Amino acid sequence: MSRVHQPPSAIRAPDRDFRLRDVALVAYGPTVVNATGHGAVMPVLALRARELGADVSTAALVVALLGIGMLVASLPAGALVARIGERRTLFLAGLVDAVAMAVAALSQSVVLLGAAVVLSGMTWTAFLLARQAFMIDAVPVTHRARALAALGGAHRVGIFVGPLLGAGLIHLFDLRATFVLAAVLSLTAGLMARLMPDLGSASRSEQRAAGHLPVWSVLVAHRRTFFTLGVAVIVLGASRSVRDGLLPLWADHVGISASTTSLIFAAAAAIDILFFFPGGWLMDTRGRTVVAVPVVLAVAVASFLLPLAHSAIGLALVAALIAVGNGLGSGIVMTLGADTAPAQGRAQYLGGWRLCGDIGNTGGPLVVAAVAAVAPLATACFVIGTLGLAGTAWVGYWTHRLDLRRRTA
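Residues numbered from 1 in each chain as written. Predicted model: local features only at pLDDT ≥ 70, side-chain atom pairs only at ≥ 80, totals over all residues. Heavy atoms only, no water.

**Some words on the nonpolar core**
Counting 69 residues, the largest nonpolar core has Tyr28, Met135, Leu236, Ile332 and Trp353 as its most contacted members. Per element, the largest residue contribution to this core is 11 residues, and it comes from helix α5 (residues 110-138). Excluding anything up to four places from it in sequence, methionine 135 contacts Val23, Ala27, Tyr28, Ala147, Leu148 and Leu151. In terms of nonpolar packing, the next biggest core, distinct from the first, is built from 23 residues, Leu246, Trp250, Val299 and Ala309 among them. (Core = buried A, V, L, I, M, F, W, Y, C linked by side-chain atoms within 4.5 Å. Buried < 20%, exposed > 50% of the residue type's maximum accessible area, 1.4 Å probe, protein only. Helix = DSSP H or I, 4+ residues; strand = E, 2+ residues; numbered from the N terminus. Contact = heavy atoms within 4.5 Å.)

**Re the pattern of salt bridges**
Scanning all chains against the criterion turns up 13 salt bridges. Put simply, arginine 346 and glutamate 86 hold a salt bridge, and the shortest N to O gap is 3.6 Å. Taken together, the residues span a long stretch of sequence, with arginine 346 in helix α16 (residues 346-374) and glutamate 86 in helix α4 (residues 86-106) at a distance of 260 residues. There is no split in this pair, since arginine 346 and glutamate 86 are both buried. We note a salt bridge from aspartate 284 to arginine 146, for which the minimum N-O separation is 2.7 Å. Of the two residues, aspartate 284 sits in helix α12 (residues 276-286) while arginine 146 sits in helix α6 (residues 144-172), which places them 138 residues apart along the sequence. Neither residue differs from the other here; aspartate 284 and arginine 146 are each classed as buried. Bridged by salt links that share partners, the residues Arg144, Arg146, Asp284, Arg288, Asp339, Asp403 and Arg406 form one connected network. (Salt bridge = Lys/Arg side-chain N within 4 Å of Asp/Glu carboxyl O.)

**Comments concerning empty space enclosed by the protein**
If a probe the size of a water molecule is rolled over the atoms, the empty space left behind becomes visible. Taken as a whole, this structure holds four cavities of 30 Å³ or more when the rule is applied. Put simply, the largest cavity is a space of about 70 Å³. Every residue lining the largest cavity is listed: Gly37, His38, Val41, Met42, Leu45, Leu66, Asp97, Met101, Val117, Ser120 and Ala182. For the lining of the largest cavity, the secondary structure elements donating two or more residues are α1 (24-41), α4 and α5. (1 Å grid on protein atoms, 1.4 Å probe; cavity = no way out; pocket = protein on both sides within 12 Å on 5 of 7 lines; lining within 4 Å. Points joined across faces, edges and corners; volume = space filled by probe spheres on them.)

**Observations concerning the environment of alanine 309**
Inspection of the secondary structure puts alanine 309 in the loop between α13 (289-305) and α14 (312-328). Taking the relative accessible area as the measure of exposure, alanine 309 reaches 5% and is therefore buried. The spatial distance from the C-alpha of alanine 309 to the C-alpha of alanine 35 is 32 Å, given a sequence separation of 274 residues. Residues within four places of alanine 309 in sequence aside, it is in contact with Trp250, Val254, Gly314, Leu315 and Val318.

**Notes on helix α15 (residues 332-340)**
For α15, a buried count of nine out of nine residues is recorded, marking the element as mostly surrounded by other parts of the structure. All of the buried residues in α15 are Ile332, Val333, Met334, Thr335, Leu336, Gly337, Ala338, Asp339 and Thr340.

**Details of the packing of aromatic side chains**
Within this structure, the stated rule accounts for seven aromatic pairs. For the ring pair tyrosine 349 and tryptophan 353, a centre distance of 5.8 Å and an interplane angle of 20 degrees mean the geometry is stacked. Here the residue tyrosine 349 and the residue tryptophan 353 both occupy positions in helix α16, the gap between them amounting to four residues, near one helical turn. Accessibility classification places tyrosine 349 together with tryptophan 353 in one group, the buried group. Between tyrosine 397 and tryptophan 398, the aromatic rings sit 4.9 Å apart at their centres with planes inclined by 85 degrees, giving edge-to-face as the arrangement. Taken together, Phe226, Tyr349 and Trp353 form an aromatic cluster joined through their ring pairs. (Phe/Tyr/Trp six-rings, centres within 6.5 Å; stacked < 30°, edge-to-face > 60°.)

**Points about a nonpolar patch on the surface**
Judged by side-chain polarity, Leu297, Val301, Phe304, Leu305, Leu308, Leu321, Phe382 and Leu389 come together as a nonpolar surface patch covering roughly 680 Å² of accessible area. For the nonpolar patch, the secondary-structure elements that each account for two or more residues are α13 and α17 (377-408). The greatest single-element share of the nonpolar patch, amounting to four residues, is contributed by α13. Here leucine 389 shows up in helix α17. Look at leucine 389 and you get partly exposed, because its relative accessible area is 41%. (Patch = residues over 30% accessible without salt bridge, like charges linked within 9 Å, V, L, I, M, F, W, Y side chains within 5 Å. Areas by Shrake-Rupley, 256 points an atom, 1.4 Å probe, with all protein chains shown as cover.)

This is the structure in structure tokens:
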């Protein structure tokens, strides 16, 4: 497993003097703004495709293209950050995403809308990776988990607020207004990123002098980490994304209305937000395992309980259980990546780490769909729960190993 990387102390304040509010504006401001735009668009993306004449399956494909864009851009985004730095990458990502959202608003064809969605997914991956790399440099290791958990919390706040703003705009105008909002917010986030200090300029100069490391050489050098903790990250991503497919399907199965389901998801999102800072504190003081395990275990237990939920209250309780685990695990994927990232080739490494998370995020709903296609939905819940228990054991074992290494480092 690669050695735990600690950023040079010269680029940040001493541990005892550091306060999260010191990096709040430059780290969390662009994240909240950009996530708000994405949150506004996500609930209406399929509806926009339908408005342009797509059938149901094609509209679902358009939504899936966002994840595909993120998946294919993970490794190139790491190479981009290594060459031009976090600040320039964030600015460029905001600018390109603004163009993509403007095209989505003005598009008159499903094909052009799909292309814009893929491009938006690619920029979102670059944005996520660049902000993670910045935080590794800006925050001392003693506060790392809290800072990254707050970064995950900032993303959740944006995703929560976005649909509320989008609903108001749709009421006043039409669906396209949400994409215009997303374009404005993406551009604003990019401009806000220009306020960031360029903390990685010295290390990039050193790497240019020594020659940039190819992405694949970095991944091969750290293959053991990717085959152990990287697989744990895939499990974490899949567990988080399973709820977005499984819970709505069960709600429809037992006759719960779409509006009630939306309210349940909104309440779960609020619970999610409430637990992000306690989760970060636990990671910094008690280790990574204590929050990584609940993320997967909560989904496993909830999957077993879901067939017993035949009312809105029952579904809400299951959703709340998942939200508590997910909230506690806010920032866990970024924190594990920061813990294991090497000093040389860090951005390329984080691109591979991002790819693991994106594989999990994309694969979770596919597992639900595959099992539900060949078995009753209640059976699918049991299968997902069983897989979740196996995933819990894997995540617990390898994160515990990492915690032991961190204590002796």
